[in-house]
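Letter by letter, the chains look like this.
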Amino acid sequence: MKIALIGLGDIASKAYLPILSQTPNIELILCSRNIQVLKNHCHRYQIKQGCTNIFSLKELNPDGVMIHTSSESHHTIASYFLKLGIPVFVDKPGAMTFHEFRELSELSEQKNTPLFVGFNRRYIPIWNEAIHSNDLRSIHWKKNRVNLVAMPRDYIFNDFIHVIDSVNIDGELSDVDININFIGKGSKLSTINVDWKQSGKILTASMNREYGKTCESVELSLINESYLFNNFTQGVYCINGTEQIIRSSDWSDTLYTKGFHSMVEHWLDIVRNRESNIGHTQRSYSTHSVCETITQHIMDRL
């Protein structure tokens, strides 16, 4: 099976190439406008086929393409390959507006060709079981950064979308409350907190990009049980007034604990079967819709 990687920046180099290059029965094709980067990666991973533009990829007959380029280019590149009937994996966001993402979704359906958005946090093993428990009552997800204020659409679709998707399990929202802070009197967004209800659960998604450090925490509340995670490998489980430390295996690969291995396996299965996962697709659609609603709410405040 041939898989083409388009764009060879940090995420492709650090996450996807190390996994795919070790996956049996996968033949990789690389695509980058930077000829030297293309040559270096082909040499490092002993990859025979590469090109410098997406239009040349068609002649190399990939079974699926993975888009790791700038977010602004996702819609254009994904559209091109969906029209060719080639399954598409695209890093989040699938597009920088909900209107564009809806176009991709409709094109995927018209061409009966899978569109897969890469949200690795859906696959993080240490909290995956708890977050899908029938007893789950609330989620509070925080992701903070240092000195990274940004314009609203860039802030929401390039970063906060990860937090929204992580708590957006069922796709039905009600009683939404959005609170924001701008930097000074400007139009750049500093802090956001979104609360809503979904299928009986209380959900909170927050981000502060003027925080003292880069960090992420996840708090899950069940019936007389709770979990608190401050990273992808360790957490605290509480029940009946007692605490228990839970950890990933000491030998767990970082890309496994961050969900990349399971996500790539899911994507490759979809390419083999040429059949989208309905739940995955609907959740991605809902997440982009929610992010557009939040962005429009912020823009109305400017």
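Remember, it's a predicted structure, so these values are computed and weren't measured experimentally.

Let us look at the overall build of the protein. On a plain count of helices and strands, the protein comes out with 10 helices and 14 strands. Taken over the C-alpha trace, the protein has a radius of gyration of 20 Å; the compact-globule value for 302 residues is 19 Å, and the two agree within 12%. Overall, the C-alpha framework of the protein stretches about 60 × 45 × 35 Å when taken along its three principal axes. Among the 302 residues that make up the protein, the fraction classed as buried is 50%. Roughly 14,800 Å² of accessible area belongs to the protein as shown, and the carbon and sulfur atoms make up 46% of that amount. In the protein, the 30 positive side-chain charges and the 32 negative ones have mean positions that sit 6 Å from each other.

When you line up the elements, serine 108 lands in helix H5 (residues 98–110). Excluding anything up to four places from it in sequence, serine 108 contacts Leu82, Thr113, Pro114 and Leu115.

Regular strands have side chains that alternate between both faces of the sheet. When strand S13 (residues 234–239) meets strand S14 (residues 242–247), the two strands line up antiparallel, connected through 6 bridges. Following the sheet pairing, glutamine 234 is matched in S14 by arginine 247. Connecting S13 to the antiparallel partner S14 that follows it, the hairpin turn spans 2 residues, and asparagine 240 within it adopts a positive phi of roughly 55°.

Turning our attention to the UniProt feature "domain: Gfo/Idh/MocA-like oxidoreductase N-terminal" (unreviewed entry) in the protein. As annotated by UniProt and renumbered to match this structure, "domain: Gfo/Idh/MocA-like oxidoreductase N-terminal" (unreviewed entry) occupies residues 1–119. From the first C-alpha to the last, residues 1–119 spans 23 Å; its make-up is 40% helix and 21% strand.

For the rest of this paragraph, the subject is the environment of asparagine 277. For asparagine 277, the position within the fold is in the loop between helix H9 (260–273) and helix H10 (278–301). Along the chain, asparagine 277 and phenylalanine 116 lie 161 residues apart, while their C-alpha atoms are 8.7 Å from each other. Those residues within four positions of asparagine 277 in sequence are excluded, and the remaining contacts are His266 and Ile270. Among the polar contacts listed, one links the side chain of asparagine 277 to the backbone nitrogen of glycine 279, at a separation of 3.2 Å.

Moving on: the sheet that holds strand S4 (residues 64–67). Paired through backbone hydrogen bonds, the strands of a sheet run either parallel or antiparallel to each other. With respect to topology, 6 strands assemble into an open sheet ordered S3-S2-S1-S4-S5-S6, the strand pairing being parallel. Looking at the sheet topology across the chains shown, the edges are occupied by strand S3 (49–51) and strand S6 (115–118). For this sheet, the mean inter-axis angle between neighbouring strands, taken without regard to orientation, is 20°. Of the strand pairs in this sheet, strand S1 (residues 2–6) and S4 are connected by 4 bridges, and their pairing is parallel. Paired with isoleucine 3 across the bridge in S4 is glycine 64. Along the sheet, helix H1 (residues 10–20) makes contact with S1, strand S2 (27–31), S4 and strand S5 (88–91), crossing S1 at roughly 170°.

Following the criterion strictly, the structure yields 8 salt bridges and no others. A salt bridge links aspartate 165 to arginine 122, with the nearest nitrogen and oxygen atoms 2.7 Å apart. Here aspartate 165, found in helix H7 (residues 152–167), pairs with arginine 122, found in the loop between S6 and helix H6 (125–131); they are 43 residues apart in sequence, far enough to count as distant. Of the two residues examined, aspartate 165 and arginine 122, each falls in the buried class. Arginine 209 is paired through a salt bridge with aspartate 159; the nearest N and O atoms lie 3.5 Å apart. Of this pair, arginine 209 sits in the loop between strand S10 (201–208) and strand S11 (215–221) while aspartate 159 sits in helix H7, placing them 50 residues apart in sequence.

A relative accessible area of 8% means that arginine 209 is categorised as buried. Once residues lying within four places of it in the same chain are set aside, the contact partners of arginine 209 are Arg145, Val146, Asn147, Leu148, Val149, Ala150, Tyr155, Asp159 and Ser190.

What follows deals with the packing of aromatic side chains. Geometry of an aromatic ring pair is reported as the spacing of the ring centres plus the angle between the planes. Scanning all chains against the criterion turns up 13 aromatic pairs. Plain terms: the ring middles of phenylalanine 89 and phenylalanine 116 are 5.4 Å apart, the flat faces sit at 15° to each other, and that makes the pair stacked. Here phenylalanine 89, found in strand S5, pairs with phenylalanine 116, found in strand S6; they are 27 residues apart in sequence, far enough to count as distant. Of the two residues, phenylalanine 89 and phenylalanine 116, neither departs from the other in class, the shared state being buried. In this structure an aromatic cluster arises from ring pairing among Trp127, Trp141, Tyr227, Phe229, Phe232 and Tyr237.

Maximal helix bending in H7 amounts to about 60°, located at phenylalanine 160. For H7, the tally of buried residues reaches 13 of 16 residues, placing the bulk of the element in the interior.

Conventions used here
Residues numbered from 1 in each chain as written. Predicted model: local features only at pLDDT ≥ 70, side-chain atom pairs only at ≥ 80, totals over all residues. Heavy atoms only, no water. Helix = DSSP H or I, 4+ residues; strand = E, 2+ residues; numbered from the N terminus. Rg over C-alpha atoms; globule rule 2.2 N^0.38 Å. Buried < 20%, exposed > 50% of the residue type's maximum accessible area, 1.4 Å probe, protein only. Areas by Shrake-Rupley, 256 points an atom, 1.4 Å probe, with all protein chains shown as cover. Lys, Arg positive; Asp, Glu negative; His and termini not counted. Charge placed at Lys NZ, Arg CZ, Asp CG, Glu CD. Contact = heavy atoms within 4.5 Å. Pairing = 2+ DSSP bridges. UniProt positions renumbered as here; feature names shortened; annotations may be inferred. Polar contact = N/O pair within 3.5 Å; in protein donor to acceptor, adjacent residues only side chain to side chain. Axes fitted to C-alpha atoms, helices over the stretch in contact; angles between N-to-C directions. Salt bridge = Lys/Arg side-chain N within 4 Å of Asp/Glu carboxyl O. Phe/Tyr/Trp six-rings, centres within 6.5 Å; stacked < 30°, edge-to-face > 60°. Bend = angle between axes of the 7 residues up to and from the residue.

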